[in-house]
Amino acid sequence: MYFLTGWPRRLLCPLKSQEEPFHIRPSSQRFYFAVLSETQLSIWFSRPSVLIVSYIESVKAAAQFGVYQKAEWKPDDSMIAVATAKGYILLFDVLGGGDGKSLYEPVYPRGSPRVRVTPGYKEEQCAPALSLEMKKPVDLEAPITSLQSLQEDLLVCTADGYLHVLHWDGLGSNGRKAVCLTTIPFSLDLQSARGGPSLDLEGVHICCMEYCVTLDGFAVVLSDGRLGFITPLGNTITTDQLQGVWAADVNDGTCVAVNNKYRLMAFGCASGSVLVYMIDSTTGSMQLSHKLELTPKHFPDVYNKTGPVKIICWSPDYSVAMVTWECGGLSLWSVFGAHLICTLGEDFAYRSDGTKKDPVKISSMSWGAEGYHLWVLPNKQERQREEQLQQEEEEEMASPPQPSLQAGILQFQFIKSALTVNPCTSNQEQVLLHGEDRLYLTCGDLSQVHSASEPRPHPHSHLNPHDGSPLHHPSEPDSPLSQGLSTLLGHKHWHVVQIHSTYLESNWPIRFAAIDTAGQCMAIAGRRGLAHYSLCTRKWKLFGNVTQEQNMTVTGGLAWWKDFVVVACYNFTDQQEQLRLYQRSSNLDNAFASVTKLHSDTLLLNVFRDMVILFRADCSICLYSLERRNDSPHPTASVELLQEVSMSRYIPHPALVVSVTLTSVRTETGITLKAPQQACMAESIMLNLAGQLIMLQRDRSGPQVREKETPANNKKLLPFCPPVVLAQCVENMWTTCRSNRKKRHLLEALWLSCGEAGMKVWLPLFPRDHRKPHSFLSRRIMLPFHINIYPLAVLFEDALVLGATNESVLYDGLQGSSEPLEALFPYCTVERTSQIYLHHILRQLLVRNLGEQALMLAQSCASLPYFPHVMELMVHVVLEEEATSREPIPDPLLPTVAKFITEFPLFLQTIVHCARKTEYALWNYLFAAVGNPKDLFEECLMAQDLDTAASYLIILQNMEVPAVSRQHATLLFNTALEHGKWDLCRHMIRFLKAIGSGEMDTPPPTPTTQEPSSTGGFEFFRNRSISLSQSADAIATGKFNLQKTFSMPSGPPVKGRDAECAENMYIDMMLWRHARHLLEQVRLRDLGCFSAQLGFELIGWLCRERNRVARVEDFVSALKRLHKDFLWPFPVVPGGSISSPLKNGRCRTVLSTRLLKSQSADSLLNSDMDTAPPQAAPTSHTWLDGLGQTAKDMDAAASAHSNQHSPQTHDAFLSLLTNKVEEYSVGSATDLTETSSVVDGDWTMVDENSSALSLSQAELEHISMELANKGPHKSQVQLRYLLHVFMEAGCLEWCVVIGLILRDANVIKQVIGFLDSPEVPQETVQSVRGGLLAIDAWVSADCLGYKPFLNLIQPQLQDLMDSAAEQVQPESFQPGGQSSKPGGVEGPGSAAAPRAEDGRGATAPPGLAPTSLEPTGSFPRPPSEDCPPELTEEQGEDEGAYDCTLS
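All values reported here derive from a predicted model rather than from experimental measurement.

Observations regarding the overall build of the protein chain
- In terms of regular secondary structure, the protein chain is built from 36 helices and 60 strands.
- Counted over contacts in the protein chain with a minimum sequence separation of 6, partners at least 24 positions apart contribute 64%.
- Accessible surface, the protein chain as shown: approximately 59300 Å² in total, 51% of it carbon and sulfur.

Description of the sheet that holds strand S28 (residues 339-342)
- With antiparallel pairing, the four strands of this open sheet are ordered in space as S25-S26-S27-S28. A strand with exactly one partner marks an edge of an open sheet, and here the two such strands are strand S25 (309-314) and S28. Across this sheet, the average inter-strand angle for adjacent strands is 20 degrees, counted without regard to direction.
- Here strand S26 (residues 320-325) runs beside strand S27 (residues 330-334); their pairing, made up of five bridges, is antiparallel. If you follow valine 320 over to S27, its bridge partner there is serine 334.

Observations concerning the sheet that holds strand S57 (residues 827-836)
- Taken together, the three strands give an open sheet; going across it, the order is S55-S56-S57, and neighbouring strands pair in antiparallel fashion. Each edge of the open sheet carries a strand with a single partner, namely strand S55 (790-795) and S57. This sheet shows a mean twist of 30 degrees between the axes of neighbouring strands, independent of strand direction.

Focus on the pairing of strand S39 (residues 552-561)
- With nine of ten residues buried, S39 lies mostly within the body of the structure.
- Examined bridge by bridge, S39 and strand S40 (residues 564-571) share seven bridges and lie antiparallel to one another. Of the residues in S40, the one forming a bridge with leucine 558 is valine 567.
- Hairpin connection between S39 and S40: a loop of two residues separates the two successive antiparallel strands, and lysine 562 in this loop has a positive phi of roughly 50 degrees.

Some thoughts on unusual backbone geometry
- In this structure, proline 48 follows arginine 47 across a cis peptide bond, with omega equal to 0 degrees.
- Considering the arrangement of structural elements, one finds proline 48 in the loop between strand S5 (40-45) and strand S6 (51-56).
- With an omega dihedral of -5 degrees, the bond running from tryptophan 508 to proline 509 counts as a cis peptide bond.
- In this fold, proline 509 is placed in the loop between helix H6 (501-507) and strand S35 (512-515).
- Of note in this structure, aspartate 216 is not a glycine but carries a positive phi near 50 degrees.
- Of note, aspartate 216 is situated in the loop between strand S17 (206-212) and strand S18 (217-222).

Considering the confidence of the model for the protein chain
- On average, residues of the protein chain score 76 in pLDDT, and 70% of them reach the 70 mark or higher.
- Overall, residues 999-1056 carries pLDDT values under 50, and its contacts beyond four positions in sequence, including any with other chains, amount to 127 contacts.
- Overall, residues 1136-1252 carries pLDDT values under 50, and its contacts beyond four positions in sequence, including any with other chains, amount to 221 contacts.

Here's the deal with the state of the cysteines
- Tallied over the entire structure, the rule returns zero disulfides.
- As a non-bridged cysteine, cysteine 313 has cysteine 255 as the owner of its nearest cysteine sulfur, 9.8 Å distant.
- With no disulfide of its own, cysteine 536 lies closest to cysteine 521 among cysteine sulfurs, the gap being 6.1 Å.

Side note on helix H13 (residues 894-901)
- For H13, every residue scored as buried is listed here: Leu894, Val897, Ala898, Phe900 and Ile901. Mapping the buried residues of H13 onto a view down its axis gives an arc of 160 degrees, with all of them on the same face.
- Where the residues of H13 are buried, they touch helix H10 (838-847), helix H11 (851-860), helix H12 (867-883), helix H14 (907-916) and helix H15 (923-930).

Things to note about the pattern of salt bridges
- One pass over the structure, following the stated rule, counts 26 salt bridges.
- For aspartate 76, the salt bridge goes to lysine 74, with nearest N and O atoms at 4.0 Å.
- For the salt bridge of glutamate 429 with arginine 738, the shortest nitrogen-to-oxygen distance reads 2.7 Å. In this pair, glutamate 429 is assigned in the loop between strand S31 (408-417) and strand S32 (432-434) and arginine 738 in the loop between strand S51 (732-734) and helix H8 (744-747), connecting sequence segments 309 residues apart.
- Looking at glutamate 429, the relative accessible area reads 5%, which means it is buried.
- Ionic contacts of the salt-bridge type, sharing partners, join the residues Arg9, Arg47 and Glu436 into one network.

A word on the packing of aromatic side chains
- Counted according to the given criterion, the structure contains 31 aromatic pairs.
- Taken together, a centroid distance of 5.1 Å and an interplanar angle of 50 degrees make the contact between tyrosine 533 and tryptophan 540 tilted. Of the two residues examined, tyrosine 533 and tryptophan 540, each falls in the buried class.
- Note that arginine 780 overlies the ring of tryptophan 762, its terminal NZ or CZ placed 5.0 Å from the centroid.

Points about the pairing of strand S48 (residues 684-689)
- Most of S48 sits out of view: six of its six residues are buried.
- Burial of S48 is two-sided: the residues Ser684, Met686 and Asn688 facing one way and the residues Ile685, Leu687 and Leu689 facing the other way are all buried.
- Two elements, S48 and strand S49 (residues 692-697), share six bridges in a ladder whose sense is antiparallel. Across the sheet, the residue bridging to asparagine 688 is leucine 693, located in S49.
- Linking S48 to S49, which pair antiparallel, is a turn of two residues; within it alanine 690 sits at a positive phi near 50 degrees.

A short note on the packing of helix H30 (residues 1292-1302) against helix H31 (residues 1305-1315)
- Two numbers describe how H30 lies on H31: the axes approach to 9 Å, and their chain directions differ by 160 degrees. The angle between H30 and H31 places the two elements in the roughly antiparallel class. Taken as a pair, H30 and H31 cross one another with a handedness that is left-handed. Of the residues in H31, those touching H30 at Leu1292, Cys1295, Val1296, Gly1299 and Leu1300 are Val1307, Ile1308, Val1311, Phe1314 and Leu1315.
- Along the lines of polarity and charge, the residues of the contact of H30 with H31 split into nine nonpolar, one polar and no charged.

Topic: the environment of lysine 305
- Position of lysine 305 relative to the elements: it lies in the loop between strand S24 (286-292) and S25.
- According to the relative accessible area criterion, lysine 305 is exposed, its value standing at 56%.

What counts as what
Residues numbered from 1 in each chain as written. Predicted model: local features only at pLDDT ≥ 70, side-chain atom pairs only at ≥ 80, totals over all residues. Heavy atoms only, no water. Helix = DSSP H or I, 4+ residues; strand = E, 2+ residues; numbered from the N terminus. Contact = heavy atoms within 4.5 Å. Areas by Shrake-Rupley, 256 points an atom, 1.4 Å probe, with all protein chains shown as cover. Pairing = 2+ DSSP bridges. Axes fitted to C-alpha atoms, helices over the stretch in contact; angles between N-to-C directions. Buried < 20%, exposed > 50% of the residue type's maximum accessible area, 1.4 Å probe, protein only. pLDDT = per-residue confidence, 0-100. Disulfide = S-S within 2.5 Å. Arc of directions from axis to C-beta. Salt bridge = Lys/Arg side-chain N within 4 Å of Asp/Glu carboxyl O. Phe/Tyr/Trp six-rings, centres within 6.5 Å; stacked < 30°, edge-to-face > 60°. Lys NZ or Arg CZ within 6 Å of the ring centre and 35° of its normal. Parallel < 35°, antiparallel > 145°, perpendicular 65-115°, else oblique. Left-handed = near helix turned anticlockwise from the far one by under 90°. Nonpolar A, V, L, I, M, F, W, Y, C, P; charged D, E, K, R; others polar.

Dropping the structure here:
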């Protein structure tokens, strides 16, 4: 409602005086303030806050009258009465400068349009020159305890028990009446006044009194601490017509303040709490409505140490009360007890170092105009502290000492919600606050609003704004009206709009503010006229003609309808009330306004769809229809009176009506799902009558006429039924006129803010699925719920409440022996807040056994992003309440809530998240209601929700014995392995190790780095560029430290502790089992990922399994499975020819493959990797086979690295191939295949030996087919890598299968060469032979595409068949470290390829160490064209380059 902002200002009085000001009273309009010190009466002006005049009593008169004590203004501000210590009333005339004299005058630059146009115009913007004249004093001969001003009279209470009635004007003896308190009958209520018990008032006097206009009586505090209410039975105050009621059981009253708008009396007590009473309308007794007190929960150290209440001050709009105590401090409450601010805690009470500040003690305070300021007079000792500081500052500044300053008035600045004075903004979904000179609003970024409204027929524009808000087009649900969370919750910052200074200086203070439905336009109204602002243009529009602005004043508020500002105003020229509509895009001028005359003063105004509802001073309600007209160049609106409803029977005083709204809410049985269109009509009027919410519905009891039977023009509106009271203590109300079939519960509900009672929602209940509603079920239900913020707006579809809250920032920059203002008070800011309320409503429905309604409501909101959070909150709140309850709960709600949540798919994760955020002690209670965590864990596994299952595992670990959690962890680990959830697998390995090593108390934290999890020292290359998980395009070129182990341990190495060793063994067994499982199912791709992600030592494991599971049972099905897993196409035969294009017996495949390599490399470079420079792209990993080799054989880089590792590990390093790309690239592969003119000319390519090569048509076709028969590049990298692994592990059968799918003759040749070694078991040889025969049979039958390749390797196959019987001696077998293909195959052209396609090659099996190897790094020389394949291989051996280039 009200929020503190900034630091308080200090106003210093320029007059020299030793006296302290101790009393302040505002005039009726709060433009002037009377400030009293002991012998001085000063009048201050509000804006600018300056001293106008001071009257200083002479010493002689001061001795006669005594010191000043209290002051009171006459309602028309023309007189001031001052009470003195010796029982005198001094009356002063306030004489205004009638000739237009001002103390301060504005100076305008020449040519400024602001000139004096109307009488009184200038005085309103600068302090007028006033003077004070004392009239004849009145002696009441007793100390005066209270002053109260009425229209023509002044009431004075004296300490001798009398109530004096003085006339302001005639002050002779006839102008005075006195009523003795003992003659007033007091009773508990008016009914028992005749014969009931009466108070004994002997010796008692009134010590505090205030008049309440709307109750027509006086709230009094008697000197014995009793509270009472005195009401005149007639029209005038005479002794025989006064009657009093008193409040039972209270005798420590100290002060009183009345709230005229809500008919409340707030009595301060010596205990420090404020009791708020109302008068029961039937019996006339005083009834306690609520209390305003600090709670021990929020203020544990001060709630009972505040001392008695000193002053209570209601704000000018009566929506908040400010309270101060004898011990100091300020506290602000809303009218029905919602606590907003208190300066006794947090940054107000403590410095940043934790030391406590003394609260500022206050002797008097008063609200300024419209509640933007609170004027506070601190106590004497406060002033002395401040003066001390002033002197110190002056000494520091070395200036001549000033005379002691008189007044230190503090001005606290506030911003307030627009709802306080203009409740028609309650149907908006934005929060709008206004301060003295600026507006704060919460609408999101304009760009987002624009994008939300793009599909609409009327987009936002500066001149032709959209009229099609869903207000008027309920059929369009995607309207920008529900701006969505992104715009309204996008950030914590306010959109602050500075009010135009030209308008402000002549029309301060701002009295009304309104914002349109889309949150893009604001309108304000000050003392006169109005102005509006557009967020699109960032410009204000003011009246061009100042006379027009000054001739109107807004009386009933203002609202937006489409792009019109609707204003209820009073026209001074015609002296009549008017309803005006100004179009937003036209100039602000009466010429463009639609004006309708009204018969009575308008107090409130609101807009509902195309209707305006007015509440008037004669207690009647008028409904008008609005229609937009576009016939003239400037759009106008026509206004037509629809209906008048008199409410004078129900409303005792028009000022009691807080708000009036038209809604589509209704209660009768006509609510069915079949007729939602009826909901669009204006069904009922809601009135907030002094906190009572009253509803008037249309009376449908008479004969109903169908809409289509009546012509549109004479459609008569139905009358209204008598009013029904819906709720008490209502501060604000929100409803929307939109409709949404999916969220009917939320959109057709009525939302109420009820002060300390929190919020209430009046929710509609719908029968499910067109069923007949139960006759015993009401159609609506009122559900209360508490929220932690003060609600200012409701987002209906999003199930959110928006609000604001005060935050404070400490400023300790000036710490001295005594503190300045900035250090005494923190700097205050206002933060946006929001809160979810859905879980409260669902819970309330479940409590009332309305589970079906709760389910419908929850399902309609299940798409909200925070719906899982709502569910967690509901479980959490109920769990905390029930599990920590000291008494047994007869009907616990938790099982119901648990059953309710099982209806939603996020049941399992809701429970586990809630449990993990709750303390362990409550878990048993929770799982007793929701089910055994073991069962829930298994449900997660069945639903394949492994992450949630992992959370349950932590719960099981705490609730069960280690064996159980280990068993479940194993289960989850295996499932995670099966599903390839590698992160989870890594966590599970850690978790299992933690269980094994006895770290049972705390669940292991989530690791930030990925550790190697298997026991061998095989640190898998994390940053390798043949990453199996990332795309090859993202390969970074740089130096990677790749290490691998060549020692293949037969078991895990011995660890320091047996337990850890056993645990590692257990984990290894599971990893081995999974690897075996993958290999058995021929899932090589998954095996590679598994090895890479978990650092599984694949080569070592394969070595052990070489003759067991790492065999290939069925070569054909293995080959097919690889094609499928790696998305590798089966080769196709070009044009029916099966023979490879061999000419003159020369191996032309060498050429074609080489050409193909350079082509594809170039095209890949152009297409995929256009970001990388070509020279940097080709990197080759040269794999060193370190078997039997010493460090001196290595490249320098590798030896440098290997020193860091164990002797068995050798690093692979990257060497950049420096061949130039341009020399060898002929053109992109696509050019090659798509060019039709190939036949005409020869394609030539230059290699290092500059042999020119010519290609025939057939060869070109062959090349293009080769391209078509290749799989994805990533698959190729992965297959090459696996080939390398299997070759190193000596799994020759798999090498054959991968060599076949890659159609790499060299690999087959090499493997067949290895088969001659005696190390290779005979079964393997048989298996390879049998497998190749099976492949040959399958190829001939089903896949002829492989035929050319089989033809190519025919000689090797023949050798294999021939050597079935005989064995070759090991010495004769010396495989060279082959280049990626026999040198001729690759050639230097391969350097152009930043791809692993070139990385052909394999290594000798570990058991077959080659006898000699040359140092690496050299690249094989390409042979001449005529070189046969056998020779090529030998040349490769001579070069000795054992590298497998992988990119």
